[in-house]
Amino acid sequence: MKRVRVRYAPSPTGHLHIGNARTALFNYLFAKHYDGDFVLRIEDTDIERNVEGGEESQLYYMHWLGIDPDESPQHPGAYGPYRQMERLDIYKKHTDWLIEHGFAYKCYCTSQELDEDYQKQVDAGHASTRYNRKCLHLSKKQREENDQQQLPYTVRIRVPENETYAFEDMIRGEVSFDSKDIGDWVLVKANGIPTYNYAVVIDDYLMAITHVFRGEEHLSNTPKQLMLYRMFGWEEPKFAHMTLIVNEQRKKLSKRDNSIMQYMSQYKELGYLPQAMFNFMALLGWSPESEQEIFSHDELIRVFDEKRLSKSPSMFDKQKLTWVNNRYIKELPLSEVVALCKPFLEKDFDISERSDDWIEKLISLFHDQLSYGHQITELARLFFDAPAQLEDDAKEALAWETTPLIAKSFIEHLPLDWSVENLKLTMDAVKNETKIKGKPLFMGLRAALTGQCHGPDLMSTVYLLGKEEVRRRLENI
Ligand code: GLU
């Protein structure tokens, strides 16, 4: 079998999006599973859409996720250059060959002419419009004249008549398209830069790509690419078009959908763990044979099986996202959770006076609950700000006639020596003095201190609030 080589080929138009990250991930898993090569190629031919730093950003977030390419512009292998804009001379050679062999021709039509013709076809009720082939029929002399006048031109492919382009998609099975549905499309734009469908074929072939995993939005591009493979007499790679990612309403994820965070940068910023995101994304459109859902990086490489890529859209399940991330944080040693969370506390609150021990104890209170680092600021807010608005059940608990009695007694028995052990003794003393116990005691005290009826361990909460703050909050009610 040929050495497996796959590629992830982003346009450097922005940060790494969840859909692209998943494409990169499945290519990577497939390559690594078969001990093959994972290539990063930058498709930067749409020069107006490229953004400054787009390429670095892609690489940065891929690296963050643990998806490092074997070959890339930064680490070229034997198949470079790895940026399309550095390959223009390669495309040019192939374009000349195509023109020479009658597979492609220069088109001198202006955009105004093309627009007018398009409008004519629309007015005539044509369902699908296409180029009218005016320039295919130019005489040799006319062409020479045009070139002499240096008229700008595009290069169009001459789409073969009565051809069928069928291929065996690794996910969808047999897919087929007719050439009659495709007009003579542009290979090279007037600025000399190739279009995506053209450059991708030259590159995939010259880079010895064996398998192409990409989003299903590229399915309809595949016949255009196949016709080029046939013209050049090249063997095409195997294609796998992955299904869409949809939201919980089963709608295709749109970049404007704010209900789902879609960029890896956002996850990183909020303190999600890259290894958890790697795991979560692997389950977006792929499933293992077993029920297991938590897999390490290497395990995923081992169990990845392209035959188990899903044929139906994969739902972005936010609950699963939370669950998977929580599972990973739970497994981390406390010191790492502290390192993850502390910067978020520092940013949102003044912790300059707090000891490391206090911060560690605070974070450990929520360790099992966390799904991402920034969540700590929400969970731990009660330690920094007195409760601003009360939940309904807390309002109720505060209205109990027993609650002020508990507060008063608790203040009177505050231990001199501040420790969880001594606070338990304080609770005993309050219980003895007020004869209040059970839910009214515990919930009353918690509501008075935190404005909530539920939360982390009560005695640890009291301890971490500190004596002065406890006194202040209890006196307040
Ligand atoms: N540059 C294309 C994209 O970002 C690559 C498509 C392909 O994998 O062929 O969608």
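In short, a report on the structure.

Thresholds applied
- Residues numbered from 1 in each chain as written.
- Predicted model: local features only at pLDDT ≥ 70, side-chain atom pairs only at ≥ 80, totals over all residues.
- Heavy atoms only, no water.
- Helix = DSSP H or I, 4+ residues; strand = E, 2+ residues; numbered from the N terminus.
- Rg over C-alpha atoms; globule rule 2.2 N^0.38 Å.
- Areas by Shrake-Rupley, 256 points an atom, 1.4 Å probe, with all protein chains shown as cover.
- Lys, Arg positive; Asp, Glu negative; His and termini not counted.
- Charge placed at Lys NZ, Arg CZ, Asp CG, Glu CD.
- Buried < 20%, exposed > 50% of the residue type's maximum accessible area, 1.4 Å probe, protein only.
- Contact = heavy atoms within 4.5 Å.
- Near = heavy atom within 4 Å.
- Polar contact = N/O pair within 3.5 Å; in protein donor to acceptor, adjacent residues only side chain to side chain.
- Nonpolar A, V, L, I, M, F, W, Y, C, P; charged D, E, K, R; others polar.
- Pairing = 2+ DSSP bridges.
- Axes fitted to C-alpha atoms, helices over the stretch in contact; angles between N-to-C directions.
- Core = buried A, V, L, I, M, F, W, Y, C linked by side-chain atoms within 4.5 Å.
- Salt bridge = Lys/Arg side-chain N within 4 Å of Asp/Glu carboxyl O.
- Phe/Tyr/Trp six-rings, centres within 6.5 Å; stacked < 30°, edge-to-face > 60°.
- Lys NZ or Arg CZ within 6 Å of the ring centre and 35° of its normal.
- Parallel < 35°, antiparallel > 145°, perpendicular 65-115°, else oblique.
- Left-handed = near helix turned anticlockwise from the far one by under 90°.

As for the overall build of the protein
Check the secondary structure of the protein and you find 20 helices and 11 strands. Relative to the compact-globule value of 23 Å for 477 residues, the protein shows a C-alpha radius of gyration of 32 Å, a clear excess of over 25%. Based on the C-alpha atoms only, the size of the protein along its principal axes is roughly 110 × 50 × 40 Å. Accessible surface computed for the protein: about 24,100 Å², of which carbon and sulfur atoms make up 48%. The distance from the centre of the 60 positive side-chain charges to the centre of the 75 negative ones in the protein is 3 Å.

Observations concerning the environment of Ala9
Tracing the sequence through the fold places Ala9 in the loop between β1 (5-8) and α1 (18-33). Residue classification places Ala9 among the buried residues on the basis of a relative accessible area of 19%. Setting aside its immediate chain neighbours within four residues, Ala9 contacts Arg41 and Glu43.

Looking at the site of the ligand
Around the ligand, a shell composed of Arg7, Ala9, Ser11, Glu43, Tyr196, Val200, Arg214 and His218 is seen. Tyr196 is positioned such that a nitrogen or oxygen atom in its side chain is 2.6 Å from an oxygen atom of the ligand. Its residues assigned to classes, the shell around the ligand shows 3 nonpolar, 2 polar and 3 charged.

Brief notes about the pairing of strand β5 (residues 164-169)
Moving residue by residue along a regular strand, the side chains alternate between the two faces of the sheet. Residues Tyr165, Phe167 and Asp169 of β5 are buried on one face, while the alternating residues Thr164, Ala166 and Glu168, pointing to the opposite face, are not. As consecutive antiparallel partners, β5 and strand β6 (residues 173-178) are separated by 3 residues.

Quick word on helix α7 (residues 222-232)
Summarising burial for α7: 9 of the 11 residues are buried, a large majority. Among the residues making up α7, those that are buried are Thr222, Pro223, Gln225, Leu226, Met227, Leu228, Tyr229, Met231 and Phe232. Looking at the residues trailing α7, positive phi occurs at Gly233, about 75°.

Topic: the sheet that holds strand β4 (residues 154-157)
The 3 strands are arranged β3-β4-β7 in an open sheet whose pairing can be described as antiparallel. Strand pairing shows two members of the sheet lacking a second neighbour, β3 (104-107) and β7 (186-188), which therefore form its edges. On average, adjacent strands in this sheet sit at an angle of 45° to one another, irrespective of strand direction. Here β3 runs beside β4; their pairing, made up of 4 bridges, is antiparallel. The partner of Ala104 across the bridge, within β4, is Ile157.

A look at the environment of Glu269
Mapping Glu269 onto the fold places it in helix α8 (residues 264-269). Linking Glu269 and Phe344, residues 75 residues apart in sequence, is a C-alpha distance of 9.8 Å.

Regarding the nonpolar core
Core analysis: the largest hydrophobic core is formed by 96 residues, its most contacted members being Leu29, Met264, Leu345, Phe383 and Phe410. Sorting elements by how many residues they give to this core places α1 first, with 9 residues. Within the second largest apolar cluster, 33 residues are counted, among which are Tyr198, Val201, Val212 and Met227.

Describing the pattern of salt bridges
Overall, the coordinates contain 35 salt bridges when judged by the stated rule. Taking the shortest distance from any N to any O, the salt bridge between Glu235 and Lys2 comes out at 3.9 Å. One end of the pair, Glu235, is in the loop between α7 and β9 (238-242); the other, Lys2, is in the segment before β1, and 233 residues separate them in sequence. For Asp203, the salt bridge is made with Arg41, and the minimal N-O distance between the two is 3.7 Å. A residue pair is termed long-range when its members are at least 10 positions apart, and Asp203 in helix α6 (residues 196-206) and Arg41 in the loop between β2 (37-40) and α2 (54-65) qualify at 162 residues. What you see here is one network of salt bridges that share partners, running through Arg7, Arg41, Glu43, Arg87, Asp203 and Asp204.

So, the packing of aromatic side chains
Counting across every chain of the model gives 19 aromatic pairs. An aromatic cluster is built from Trp97, Phe103, Tyr205, Phe232 and Trp234, whose rings are joined through pairwise contacts. Sitting over the face of the ring of Tyr153, Lys106 holds its NZ or CZ atom 4.5 Å from the ring centroid. The ring of Trp358 has Arg354 lying over it, and the distance from NZ or CZ to the ring centre is 3.9 Å.

Things to note about the side chain of Thr210
Take Thr210: it is sitting in the loop between α6 and β8 (211-215). Discounting chain neighbours no more than four positions away, the residues touching Thr210 are Lys2, Arg3, Val4, Arg5, Pro237 and Lys238.

Things to note about the packing of helix α18 (residues 438-450) against helix α19 (residues 458-465)
Direction vectors running N to C along α18 and α19 enclose 30°, while the axes themselves pass 11 Å from each other. Comparing their axes, α19 and α18 come out roughly parallel. Crossing geometry of α18 relative to α19 is assigned as left-handed. Each of Phe442, Leu445, Arg446, Leu449 and Thr450 in α18 lies in contact with α19, whose residues at this interface are Leu458, Met459, Thr461, Val462 and Leu465. Of the residues belonging to the contact of α18 with α19, the class tally is 7 nonpolar, 2 polar and 1 charged.

What to know about the environment of Leu138
Note on placement: Leu138 falls in the loop between α4 (111-123) and α5 (140-148). Residue Leu138 is classed as buried on the basis of its relative accessible area of 18%. With 316 residues separating them along the chain, Leu138 and His454 place their C-alpha atoms 81 Å apart. Leave out the neighbours within four places in its chain, and Leu138 touches Tyr108, Arg143 and Asn146.

Scope: geometric values only; no functional claims are made or implied.
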